[in-house]
Every structure is written in C-alpha cells, then in structure tokens.
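# Coordinate inspection notes
Here is what each chain is made of, one letter per residue.
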Amino acid sequence: MDSHTPHKLDYRIPSPGPRKAGPKYLASRLISSYIGYLLVMAVLVFFVPRFVPVFSNFQVRLTAPTRLLLRASELCIRDYLWMILLPLPALWALANFSIPNAQVRRRLRLLAFLFVSAFLVFTLLALFVPLLQLIQGVSTPAPRP
C-alpha cells in the first residue's frame, strides 16, 4: 500500500449486539409492570368511584361500557380485587424475562403498553359519554306549557 492512498473511513457505530436479560433487566421489567398496574388500579379505586354519586344523583342512563367500568371498580374496592391481582405484574415481568428472543420481549412490552393505554382511553370514554348526555340534558331548556 502506498502512503499516498487515502484510507477509507467507516463512520458506522458498531452494534453492541443483543442485550442479555440479566438482573437489571428483570428489575426494570418489575418496575415498569407495577407502574402500569398501579396506574390502572389507581384509576379503578380512586378516580372511577367519584363519578358514581354524579350518575346516581342525576339519574343518568349509563351505557354498557360505563356499567362494566363501575362494576370493575366496585370489585376492586369491595372485593379486594386489587390485592388478588397484585402478583400479576410480577408474573408478567418474569414471563417477559424468561423469553430468550429480544424481539418477542419487545413485542410483549408493547402489548402491555397498548393494554394500559387502551384501558385509559376506554375509561375516559366510558365516563365522559354519560357526562356529555347529562350536560346536554341540563343545558336543553324545558318545554314551556
């Protein structure tokens, strides 16, 4: 090779390769699983019950999704469903941890994220559709005799 020949530079960043699912990975899966679980349970235990008196005082006709949500909230509070389901995020994290394929693990994490997101959207719609009916009923003037 001649000293005057230009060297070809490679600007690509070398790939570190697939990460191994070690103890830190398991701890991060446990933390993220319980964050999602706490978010769902906080909505069911603290947020949803605040709408029950509003719906009953104004005798709002509830849709099936709203009744389902109120029933799930009641089960979490009265029958301690939140406590029964407490091991579920740990089992999910262990199942995710035990899968050797990183791409499958990523897809399962995405699935869990989509589940929690869909639950939150469902909750918003199930609670606010009856509230919109209530607002429309209150804002519509009563017919004059």
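Look up: the structure comes first, before these words.
Described in the following lines is the structure provided in the data block. Note that the structure is a prediction, hence the values are computed from the model and not measured.

One can find Thr 123 in helix α6 (residues 102–139). Note on Thr 123: relative accessible area 2%, which makes it buried. A polar contact of 2.8 Å, which involves the side chain of Thr 123, links it to the backbone oxygen of Phe 119. If we ignore the near neighbours within four places in the chain, the residues touching Thr 123 are Val 43, Val 48 and Leu 69.

With respect to the secondary-structure elements, Phe 47 resides in helix α1 (residues 23–47). Here Phe 47 falls in the partly exposed class, since its relative accessible area comes to 32%. Sequence separation of Phe 47 and Ser 73 is 26 residues, and the distance between their C-alpha atoms is 9.1 Å. Look past the residues within four positions of Phe 47 in its chain and what remains in contact with it is Ala 42 and Leu 127.

If you walk through the whole model with that rule in mind, you get three salt bridges. With its nearest N and O atoms 3.3 Å apart, the salt bridge here joins Arg 71 to Glu 74. With a gap of three residues between them, Arg 71 and Glu 74 both fall in helix α3 (residues 64–78), about one helical turn apart. A single network of salt bridges, built from pairs that share partners, joins Arg 71, Glu 74, Arg 78 and Asp 79.

Let's shift gears to α1. Taking 1.5 Å of rise per residue, 25 residues should cover 36 Å, and α1 covers 35 Å from first to last C-alpha, within 8% of that figure. Its buried side turned inward, α1 meets α3, α4 (81–84), α5 (88–98) and α6.

All right, on to the layout of surface pockets then. As a volume, the largest pocket reaches approximately 660 Å³. The wall of the largest pocket is formed by 22 residues, among which Gly 36, Tyr 37, Ala 112, Phe 115 and Val 116 lie closest to the centre. Among the secondary structure elements, those contributing two or more residues to the lining of the largest pocket are α1, α5 and α6. Sorting elements by how many residues they give to the lining of the largest pocket places α1 first, with nine residues. When the residues that make up the lining of the largest pocket are grouped by side-chain class, the tally is 16 nonpolar, four polar and two charged.

Reading the values: the criteria
Residues numbered from 1 in each chain as written. Predicted model: local features only at pLDDT ≥ 70, side-chain atom pairs only at ≥ 80, totals over all residues. Heavy atoms only, no water. Helix = DSSP H or I, 4+ residues; strand = E, 2+ residues; numbered from the N terminus. Buried < 20%, exposed > 50% of the residue type's maximum accessible area, 1.4 Å probe, protein only. Polar contact = N/O pair within 3.5 Å; in protein donor to acceptor, adjacent residues only side chain to side chain. Contact = heavy atoms within 4.5 Å. Salt bridge = Lys/Arg side-chain N within 4 Å of Asp/Glu carboxyl O. Expected span 1.5 Å × (residues − 1). 1 Å grid on protein atoms, 1.4 Å probe; cavity = no way out; pocket = protein on both sides within 12 Å on 5 of 7 lines; lining within 4 Å. Points joined across faces, edges and corners; volume = space filled by probe spheres on them. Nonpolar A, V, L, I, M, F, W, Y, C, P; charged D, E, K, R; others polar.

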